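Now for the letters of each chain:
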Amino acid sequence: MERKEMYALWEHLHANPEVSWEEKETSAYLIKFFEDHGFRPVPFASIPGFYVDVGNGSPKIGLRADMDALLQEVNGQLQPNHSCGHDAHMAIVTAVMLRLKKVESKLSGTVRAIFQPAEELGNGSVKVVEAGCVDDLDYLFGIHLRPQNELPYPHCAPGIQHGGCVFIKGKINGADHHGARPHEGVNAIEVGHAIQQQIKDIHTSPLVPASIKMTNFHAGTENLNIIPGKATFGLDVRAQSNTVMDDIKKKLTRIFTHLEQIYNVPIDIEFVDDVPAAIIHPEAEQIMGQAIIKVLGNGNFVPAIETSGSDDFHFYTLLRPDMKATMLALGADVKPGLHHPNMTFKKEAMENGVEILTTACLLSLERNGEKRNN
């Protein structure tokens, strides 16, 4: 795949973003693209996305590209927007597959590209696992553009230690009552305030970064003489380890149960978009590190980085622990930052991503060939 062709593909994907679970046109466009280049892509049966192979036999190396865009306000208009770099990830993985296609007869195994829906909302990786297309993978490599202040271009790292993340949707189920008779019911705003105060008193290991924030709260109407008995609220919970995240969930559950008893009002809780912290396999990380050094030299190699963001990529190793996985942190001078509506990045970084992932795939195949010979 020529440089110009990769950039043209990126431009098309960037100009036609689709949000989580709606990536149908994106999927169809890429499927036709691969078919036109001699591949046989396999669409997923019940979700957007597909996988496509080059080579045959074992070992099997996976490459994951996330397809979805964010729904956000851009210059005053609410619209899908590729502000997290998934358009670049798709273009890079496609270019890798076309590069490997040229040497397919020399490959001692299979490389499988997985175009996954709904990374941003909905844990699309879980559905991909359920579809069975990662069951026989020995390795899985992901990729993500990094902000300038985290990993400046052209530096790259062989792993991203994402934190765990879970959103909590809650509902306080009391009854409205008269503003002159506060003793006749429970003020949902007071319950919400109690929740806010209680979560500030949650303590976890000081060695592991974690945070709990109330990010929305809705109660009452325009009638100021009604005390609201009902309210909805949302929490954003982060932790750099799955152990600490489990601890926080247990403590939050106890808080909600305790406040239900104090205020004598039901509080319904739903944990949504529960994403685990990173599970990086040392062997996969080592291979990715070798690939970075081989392509960019020691001077542009950075050890695995830690970030408070999250990514559903890590469900793959959580659900399939025998698979060796890591994610390439691609220094791309992302500005002003990921998820900013006007995000930009250094396009030349895509070329580094192609070279590094191609090299990582070839190194993985060579390593397993040597193991079999020994």
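Look up: the structure comes first, before these words.
Definitions and cut-offs
Residues numbered from 1 in each chain as written. Predicted model: local features only at pLDDT ≥ 70, side-chain atom pairs only at ≥ 80, totals over all residues. Heavy atoms only, no water. Helix = DSSP H or I, 4+ residues; strand = E, 2+ residues; numbered from the N terminus. Expected span 1.5 Å × (residues − 1). Buried < 20%, exposed > 50% of the residue type's maximum accessible area, 1.4 Å probe, protein only. Core = buried A, V, L, I, M, F, W, Y, C linked by side-chain atoms within 4.5 Å. Contact = heavy atoms within 4.5 Å. Salt bridge = Lys/Arg side-chain N within 4 Å of Asp/Glu carboxyl O.

## What about helix α3 (residues 86–101)?
Counted at 1.5 Å a residue, the expected span for α3 with its 16 residues is 22 Å, and the 23 Å between its end C-alpha atoms agrees. With 14 of 16 residues buried, α3 lies mostly within the body of the structure.

## What about unusual backbone geometry?
Following S58, the chain continues to P59 via a peptide bond in cis, the omega torsion being 0°. Residue position: P59 is located in the loop between β2 (50–55) and β3 (60–66). Residue W21 is not a glycine yet carries a positive backbone phi of 70°. Mapped onto the secondary structure, W21 falls in the loop between α1 (3–15) and α2 (24–36). Even without being a glycine, D333 presents a positive backbone phi close to 50°. Topologically, D333 is positioned in strand β17 (residues 324–334).

## Section: the nonpolar core
Proteins that are soluble and globular tend to have nonpolar side chains buried together. Formed by 57 residues in total, the largest nonpolar core has its most connected members in F115, F141 and L357. Top contributing element to this core by residue count: α3, with 10 residues. Ignoring any residue separated from it by four or fewer positions in sequence, one finds L357 in contact with L63, I92, V93, V96, F141, G142, I143, M288 and L328. By size, the runner-up hydrophobic cluster in this structure holds 24 residues, among which are V166, F233, V237 and I248.

## A closer look at the pattern of salt bridges
On inspection of all chains with the given rule, the structure shows 20 salt bridges. Across the pair D136 and K60 runs a salt bridge, and its minimum N-O distance is 2.7 Å. Of this pair, D136 sits in the loop between α4 (124–131) and β7 (139–147) while K60 sits in strand β3; the two residues are 76 residues apart in sequence, bridging distant segments of the chain. Judged by relative accessible area, D136 falls into the partly exposed class, the value being 36%. The salt bridge partner of R64 is D312, with a shortest N-O separation of 2.7 Å. Linking R64 in strand β3 with D312 in the loop between β16 (305–306) and α8 (315–319), this pair joins segments that are 248 residues apart in sequence. Of the residues examined, D312 reaches a relative accessible area of 0% and is grouped as buried. It is possible to trace a salt-bridge network through shared partners that takes in D53, K60, R112 and D136.

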